[in-house]
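# Structural overview for review
As a plain string of letters, each chain reads:
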Amino acid sequence: MANTLGYRIDTSVLPLLFLGLLVFQLDRMNLASALTAGFATDIKVEQDTINLGNQLMFLGIVVLEIPFNMLLQKLGPRKWMSAQVFVFGLIATLQVFIRHRRGFLTSRMFLGLAEAGYIPGAVYTLSTFYTKRELAKRVAILFFGMFGGNALSPILASSILKLDGNRGIQGWQWLFLLEGLFTILVSFMLLLLLPGSPDTPKPLLSPGLIRFSPTEQGILERRLELEDSEKRGGAQGQRIPLELVWKTIRHYRRWPHFVSTFAVFSTWSPLTTYTPSIIV
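Owing to the predicted nature of the structure, the values given are computational and were not obtained by experimental measurement.

Applying the stated criterion to the full structure yields two salt bridges. Two residues, Arg 138 and Asp 10, come together in a salt bridge whose shortest N-O distance is 2.9 Å. Taken together, the residues Arg 138 in helix α8 (residues 132–160) and Asp 10 in helix α1 (residues 2–10) connect sequence positions 128 residues apart. Notably, a salt bridge pairs Arg 28 with Glu 115, separated by 2.2 Å at the nearest N-O pair.

With that settled, consider the packing of α8 against helix α9 (residues 171–193). For the pair α8 and α9, interaxial distance at closest approach is 9 Å and the crossing angle is 120°. Comparing their axes, α9 and α8 come out oblique. With respect to the hand of their crossing, α8 and α9 are arranged in right-handed fashion. In contact with Ser 153, Leu 156, Ala 157 and Ile 160 of α8, α9 contributes Trp 174, Leu 175, Leu 178 and Glu 179. The residue makeup of the contact of α8 with α9, split by class, is six nonpolar, one polar and one charged.

Inspection of every chain in the model, using the stated rule, returns nine aromatic pairs. A ring pair is formed by Phe 39 and Phe 176, whose centres lie 5.6 Å apart and whose planes are at 85°; its orientation type is edge-to-face. Of this pair, Phe 39 sits in helix α3 (residues 39–42) while Phe 176 sits in helix α9, and the two are 137 residues apart along the sequence. Of the two residues, Phe 39 and Phe 176, both sit in the buried class.

What follows covers helix α4 (residues 47–75). Taking 1.5 Å per residue as the helical rise, α4 with its 29 residues ought to reach 42 Å, and the 40 Å between its terminal C-alpha atoms agrees with that figure. The largest bend along α4 reaches roughly 50° and is located at Glu 65, with the proline Pro 67 sitting one to four residues downstream. Gly 76 occupies a position one or two residues after α4 and carries a positive phi of about 90°.

Each value, and the rule that gives it
Residues numbered from 1 in each chain as written. Predicted model: local features only at pLDDT ≥ 70, side-chain atom pairs only at ≥ 80, totals over all residues. Heavy atoms only, no water. Salt bridge = Lys/Arg side-chain N within 4 Å of Asp/Glu carboxyl O. Helix = DSSP H or I, 4+ residues; strand = E, 2+ residues; numbered from the N terminus. Axes fitted to C-alpha atoms, helices over the stretch in contact; angles between N-to-C directions. Parallel < 35°, antiparallel > 145°, perpendicular 65-115°, else oblique. Left-handed = near helix turned anticlockwise from the far one by under 90°. Contact = heavy atoms within 4.5 Å. Nonpolar A, V, L, I, M, F, W, Y, C, P; charged D, E, K, R; others polar. Phe/Tyr/Trp six-rings, centres within 6.5 Å; stacked < 30°, edge-to-face > 60°. Buried < 20%, exposed > 50% of the residue type's maximum accessible area, 1.4 Å probe, protein only. Expected span 1.5 Å × (residues − 1). Bend = angle between axes of the 7 residues up to and from the residue.

So, in structure tokens, the structure goes:
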């Protein structure tokens, strides 16, 4: 029974969270392809503005990472994560209207604010379904959504940019428009199909493709409780005390991770942004 339930979670919760991360990465990375289509020239900005926009995006992620995860705990993943992907997709789509420096910087900042907390939120949601031993492999699969987005972005862009001039729309505008609309479509998939947690596995607006009986819900909750007696098999309406947040931030074992992450993204962001332009 446990193996069967694990397979059903693997084919419902995990693919949807994977897809959400993939579209986040597509909309974050398509700037690199847009630059090869004259985006910077059309909106009359220099490279330093592009760099500043990327930094504002990451700043937005950092600023709201913790508050958004506290909201996730309060509202639950069914409501919060689908809404988050929708807002991100809407902002990504509206990039077609960028005409100047101020609009570019504003859009990048709001993209970062909208994305904040998705990855830790997705990991937390998975942790409400899987035991610690099962979770590591699923988190690794989840992160392939990010790498998959990196791989797919230039491939999709190479085709979409060929629409340049069609209906009087620039190639980079088609890129932002189509990939942004796809992200909005994924948000509705999450809204209709994403289970909440073992105690509320039914998606928000539909019965779901994969359903769990009350007996199966009990098994899912029980196996998590056996692993950790303080662990509740749910993710709905839980409150995180601010004291716990501050204690977590101050813990010395987490600081090497903070520093290493800063070092990685400081070099990774410009590399992914300008590699297509260098090659072209």
